[in-house]
Amino acid sequence: MSCSKSLSEAKALELIDTHCHLTFAELQPHIEAVLARSREAGVTAWITVATDRPQIEKVIALLPKYDNMYAALGIHPHYAKDASPEDLSFLKKAAQADKVVAIGETGLDFHYTFSEAEIQKKVFKAQLAIAAELALPVVVHSRNAFDDTMKILDEFAGKLKNVVIHCYSGTAAQAKLILQKGYYISFTGIVTFTKKVNETIEAAKLVPLDKMMVETDCPYISPEPVRNKRPCEPAFMIHTAKILAKLKGMDLEDFAREITATSRIFFNLA
Ligand SMILES: [Zn+2]
Ligand SMILES: [Zn+2]
């Protein structure tokens, strides 16, 4: 029967929001409802990302409570200026907890430059060293800092397990360079903003599915057509997945299966 077929197809979606901030104040107080809506939309697993020491503590406390919830732990470049050597040791220890599957987000942000560039670089390198030592993949935040990001990653060539450039908003030419290094690229709702970001859409077209991941980066960046709904939440990732599937000329179900497989490989999920 056609209606039971479409129901089973809807159930078959098992997308992973590979970058969300479930412990941020906009989302955590409503987490049960947020996760329920996410499952309903076919986004059934989550990598929740810590950005500083207090967030690392919150994420570690949240993880055991939910199946299919994993974490990336790191110090965001915005907070690099506050990161003490003790914080980095704390991160290294916390990253060995159950269900922690990556280091990050870490990287460089020269758009805001809330922390001085040299301090950002130092804290980025320290976290890459931790990732190399623990053999964990790295979630990289890079904004207006493409060349420096690539240069620092080059210094760790051969030492890092896997690297993803998250919330990709660069050009197709930059995406080619990232892919040449063997890194992954993760897309947010930015690719749904068709009027403004043709370059990023061109980039998405050339990223193969075995290097592509999808994320919300919620509570930020609600995708079209729910761009005005705030905060963004994992359920909204379905809109970004639909746009990317269309760009690839694929059925949503086939696209979802492929990028979920890619995400599982990247984060080494069971
Ligand atoms: Zn980021
Ligand atoms: Zn983020």
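Heads up: the structure comes first, above all this text.
First, a word on what this report is: a plain description of the structure on this page. The structure displayed is predicted, hence computed values, not measured ones.

1. With respect to the overall build of the chain
Piece 1. Scanning the chain for helices and strands turns up ten helices and eight strands.
Piece 2. Here the C-alpha radius of gyration of the chain, 18 Å, is about what a compact globule of 270 residues would show, namely 18 Å.
Piece 3. If one aligns the C-alpha atoms of the chain with their principal axes, the spans along those axes are about 60 × 40 × 35 Å.
Piece 4. Within the chain, buried positions represent 54% of all 270 residues.
Piece 5. Contacts in the chain between residues at least 24 apart in sequence constitute 73% of all its contacts with a sequence separation of at least 6.
Piece 6. On the chain, roughly 12,300 Å² of surface is accessible, and the fraction owed to carbon and sulfur atoms is 52%.

2. Let's talk about the coordination of the zinc ion (ligand 2)
Piece 1. The zinc ion (ligand 2) binds to the protein through H19 (NE2), H21 (NE2), E105 (OE) and D217 (OD); the donor distances cover 2.1 to 2.3 Å.
Piece 2. Note that the zinc ion (ligand 2) binds four donor atoms; their angles at the metal cover 86 to 177°, and the shape is irregular.
Piece 3. Going along the chain, you hit the donors of the zinc ion (ligand 2) in the pattern H-x1-H-x83-E-x111-D.
Piece 4. Between the zinc ion (ligand 2) and the zinc ion (ligand 1), a separation of 3.6 Å is found, and both are coordinated by E105. Each member of the pair, H19 as well as H21, carries the same accessibility label: buried.

3. Re helix α9 (residues 237–247)
Piece 1. Within α9, the full set of buried residues consists of M237, I238, H239, T240, A241, L244 and A245.
Piece 2. Buried residues in α9 make contact with β1 (15–20), β2 (43–49), β7 (184–187), α8 (198–206), β8 (212–214) and α10 (252–267).
Piece 3. G249 lies just past α9 and shows a positive phi near 65°.

4. Some remarks on the pairing of strand β3 (residues 69–73)
Residues in a regular strand point their side chains to alternate faces of the sheet.
Piece 1. With five of its five residues buried, β3 lies for the most part within the structure.
Piece 2. Residue alternation in β3 divides its side chains into two sets, M69, A71 and L73 and Y70 and A72, and both sets are buried.
Piece 3. For the handedness criterion, the β-α-β arrangement of β2, helix α3 (residues 53–62) and β3 is classed as right-handed.

5. Quick look at the coordination of the zinc ion (ligand 1)
Piece 1. Binding of the zinc ion (ligand 1) to the protein goes through E105 (OE), H141 (ND1) and H166 (NE2), at separations of 2.0 to 2.1 Å.
Piece 2. Read in sequence order, the donor residues for the zinc ion (ligand 1) give the motif E-x35-H-x24-H.
Piece 3. The class of H166 is buried, set by a relative accessible area of 3%.

6. Considering the sheet that holds β1
Piece 1. Strands sit in the order β1-β2-β3-β4-β5-β6-β7-β8 across an open sheet of eight strands; the sheet is parallel. In this open sheet, the two edge strands, each paired with only one partner strand, are β1 and β8. Recorded for the sheet is a direction-independent mean angle of 30° between the axes of neighbouring strands.
Piece 2. When β7 meets β8, the two strands line up parallel, connected through three bridges.

7. Description of the state of the cysteines
Piece 1. If you walk through the whole model with that rule in mind, you get zero disulfides.
Piece 2. Take C218: it sits in no disulfide, and the sulfur closest to it among the cysteines is that of C20, at 4.9 Å.
Piece 3. What makes C218 buried here is its relative accessible area of 0%.

8. A closer look at the pattern of salt bridges
Piece 1. Tallying each qualifying case throughout the model produces eleven salt bridges.
Piece 2. Between K92 and E133 there is a salt bridge, and its shortest N-O distance comes to 2.9 Å. With K92 in helix α4 (residues 85–94) and E133 in helix α5 (residues 117–134), this residue pair connects regions lying 41 residues apart in the sequence.
Piece 3. Using a relative accessible area of 28% as the deciding quantity, one classes K92 as partly exposed.
Piece 4. One network of salt bridges, in which partners are shared, links R53, E57 and D87.

9. Regarding the nonpolar core
Piece 1. Counting 74 residues, the largest nonpolar core has L22, M69, L73, L153, F187 and F255 as the members making the most contacts within it.
Piece 2. Those residues in contact with L153, other than ones at most four positions away along the chain, are F124, L128, V140, L160, V163, I165 and Y183.
Piece 3. In this structure, I47, V49, A102 and F267 belong to the second largest nonpolar core, which totals 15 residues.

Rules used in this analysis
Residues numbered from 1 in each chain as written. Chains lettered and ligands numbered in written order. Predicted model: local features only at pLDDT ≥ 70, side-chain atom pairs only at ≥ 80, totals over all residues. Heavy atoms only, no water. Helix = DSSP H or I, 4+ residues; strand = E, 2+ residues; numbered from the N terminus. Rg over C-alpha atoms; globule rule 2.2 N^0.38 Å. Buried < 20%, exposed > 50% of the residue type's maximum accessible area, 1.4 Å probe, protein only. Contact = heavy atoms within 4.5 Å. Areas by Shrake-Rupley, 256 points an atom, 1.4 Å probe, with all protein chains shown as cover. Donors = N, O, S within 2.8 Å, 3.2 Å for Na, K, Ca; no water. Tetrahedral: all angles 85-135°; square planar, octahedral: opposite > 155°, others 65-115°. Right-handed = clockwise from strand over helix to strand, strands pointing away. Pairing = 2+ DSSP bridges. Axes fitted to C-alpha atoms, helices over the stretch in contact; angles between N-to-C directions. Disulfide = S-S within 2.5 Å. Salt bridge = Lys/Arg side-chain N within 4 Å of Asp/Glu carboxyl O. Core = buried A, V, L, I, M, F, W, Y, C linked by side-chain atoms within 4.5 Å.

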